[in-house]
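# Structural overview
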Amino acid sequence: MVSYNFTAFGHRNILARHKTTLEFTKDREISKRADCIIGVNSDFNINDLKKFLSSRKRIKLIVGVNNEKFEVNAVLNAKFNDEREIVIRKTGFASERTLGINADRAASDVPDKMARLLRNPEQKLLIQITEQ
């Protein structure tokens, strides 16, 4: 299976409570108001990611934390073009920050056990993007 992989880390302020979006950011610090963010200090490369996405219509994100996995399916937003953030939305709103729309899950759907792990700043997340 061909995929694009990147990593991110947990943060003490990750709440994973937003009901319609989830986000990965390259920022190292976030406030508790950022309840859609589930990973900080992301290392994705916008150019490599866009090359991978160029021929895709639907995507699946698989977030792995230790032995826990969380999957999100979405329609690819061809307008995605953000160097710092990847946003997945349950709605159809598509900005340059939005990688996927009409997703089947959001931050609030992250299992409680995984959400607790994400509050550890040393916790590494492995994110895999594949074609659905």
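That block above? That's the structure.
A brief report on the enclosed structure follows. (Residues numbered from 1 in each chain as written. Predicted model: local features only at pLDDT ≥ 70, side-chain atom pairs only at ≥ 80, totals over all residues. Heavy atoms only, no water.)

## Details of the environment of phenylalanine 6
As for its placement among the helices and strands, phenylalanine 6 is situated in strand 1 (residues 3-9). Between the C-alpha atoms of phenylalanine 6 and arginine 28, which are 22 residues apart in sequence, the distance is 15 Å. In this structure, phenylalanine 6 is in contact with Phe24, Ser42, Asp43, Phe44, Ile86, Leu125, Leu126, Ile127 and Ile129, ignoring residues within four places of it in sequence. (Helix = DSSP H or I, 4+ residues; strand = E, 2+ residues; numbered from the N terminus. Contact = heavy atoms within 4.5 Å.)

## Observations regarding unusual backbone geometry
Despite not being glycine, asparagine 66 shows a phi value in the positive range, around 55°. Among the secondary structure elements, asparagine 66 is positioned in the loop between strand 4 (58-65) and strand 5 (68-76). The class for asparagine 66 is exposed, based on a relative accessible area of 57%. In this structure, asparagine 102 is a non-glycine residue whose phi angle is positive, near 50°. Here asparagine 102 lies in the loop between strand 7 (98-101) and helix 2 (112-117). With relative accessibility at 42%, the residue asparagine 102 sits in the partly exposed group. (Buried < 20%, exposed > 50% of the residue type's maximum accessible area, 1.4 Å probe, protein only.)

## Regarding the packing of aromatic side chains
For the structure shown, the criterion picks out four aromatic pairs. Note on tyrosine 4 and phenylalanine 52: the rings are 6.4 Å apart at their centroids and 35° apart in plane angle, and the pair reads as tilted. A residue pair is termed long-range when its members are at least 10 positions apart, and tyrosine 4 in strand 1 and phenylalanine 52 in helix 1 (residues 46-53) qualify at 48 residues. In this structure, tyrosine 4 and phenylalanine 52 share a single accessibility class: buried. Seen from their ring centres, phenylalanine 6 and phenylalanine 24 are 5.6 Å apart, and the 90° between their planes marks the pair as edge-to-face. A residue pair is termed long-range when its members are at least 10 positions apart, and phenylalanine 6 in strand 1 and phenylalanine 24 in strand 2 (residues 21-25) qualify at 18 residues. (Phe/Tyr/Trp six-rings, centres within 6.5 Å; stacked < 30°, edge-to-face > 60°.)

## Here's the deal with the pattern of salt bridges
On inspection of all chains with the given rule, the structure shows seven salt bridges. Measuring nitrogen to oxygen at the nearest pair gives 3.1 Å for the salt bridge that ties arginine 97 to glutamate 23. With arginine 97 in the loop between strand 6 (85-89) and strand 7 and glutamate 23 in strand 2, this pair connects stretches of sequence that are 74 residues apart. Classification of arginine 97 as partly exposed rests on a relative accessible area of 30%. Lysine 90 is paired through a salt bridge with aspartate 109; the nearest N and O atoms lie 3.4 Å apart. Residue lysine 90 is found in the loop between strand 6 and strand 7, and its partner aspartate 109 is found in the loop between strand 7 and helix 2; the two are separated by 19 residues along the sequence. (Salt bridge = Lys/Arg side-chain N within 4 Å of Asp/Glu carboxyl O.)

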